[in-house]
Amino acid sequence: MSDLTSTLGSRRELAHRQSGKADVYLLWSSETDTLAVTVVDPEGSFELVVGPTEAFDVFQHPYAYAAQRGVRPLEPVA
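The structure reproduced in this document is the subject of the present report. Everything numeric here is computed off the predicted structure, so don't read it as measured data.

### Some words on the sheet that holds strand β2 (residues 22–29)
- A sheet is described by the order of its strands in space; here four strands give the open sequence β1-β2-β3-β4, paired in antiparallel fashion. Of all strands in the sheet, those bounded by a partner on one side alone are β1 (11–19) and β4 (46–50). For this sheet, the mean angle separating the axes of adjacent strands, direction not counted, is 20 degrees.
- Strand direction decides the pairing type here: β2 and strand β3 (residues 34–40), joined by seven bridges, are antiparallel. The residue of β3 that forms the bridge with Val-24 is Val-39.
- The sheet strands contacting helix α2 (residues 62–69) are β1, β2, β3 and β4, and the helix crosses β4 at an angle near 85 degrees.

### Some thoughts on the nonpolar core
- Grouped together as the largest cluster of nonpolar side chains are 14 residues, with contacts concentrated most on Val-37, Leu-48, Val-50 and Val-58.
- Sorting the residues of this core by element identifies β2, β3, β4, α1 (55–60) and α2 as the ones contributing at least two each.
- Each residue touching Val-58, except ones within four places of it in the same chain, is listed here: Val-37, Leu-48, Val-50, Tyr-65 and Arg-69.

Criteria and cut-off values
- Residues numbered from 1 in each chain as written.
- Predicted model: local features only at pLDDT ≥ 70, side-chain atom pairs only at ≥ 80, totals over all residues.
- Heavy atoms only, no water.
- Pairing = 2+ DSSP bridges.
- Helix = DSSP H or I, 4+ residues; strand = E, 2+ residues; numbered from the N terminus.
- Axes fitted to C-alpha atoms, helices over the stretch in contact; angles between N-to-C directions.
- Contact = heavy atoms within 4.5 Å.
- Core = buried A, V, L, I, M, F, W, Y, C linked by side-chain atoms within 4.5 Å.
- Buried < 20%, exposed > 50% of the residue type's maximum accessible area, 1.4 Å probe, protein only.

Set out below in structure tokens:
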């Protein structure tokens, strides 16, 4: 497991990969039975709630899906 583990709460990390300086996570919430792809990047982070049929594709291409959905990364924390 990665360093995100301590902040997951009831969510479980299903997959993790690094892309440049960004960490990409596929997470599952046991409480709500939902999936999310979270990107943690020094330039800004974001999360996308995804359906089971699109989860792996969003995990592989989170920036494309974020742009398509109009999601902007949160400002980096100083």
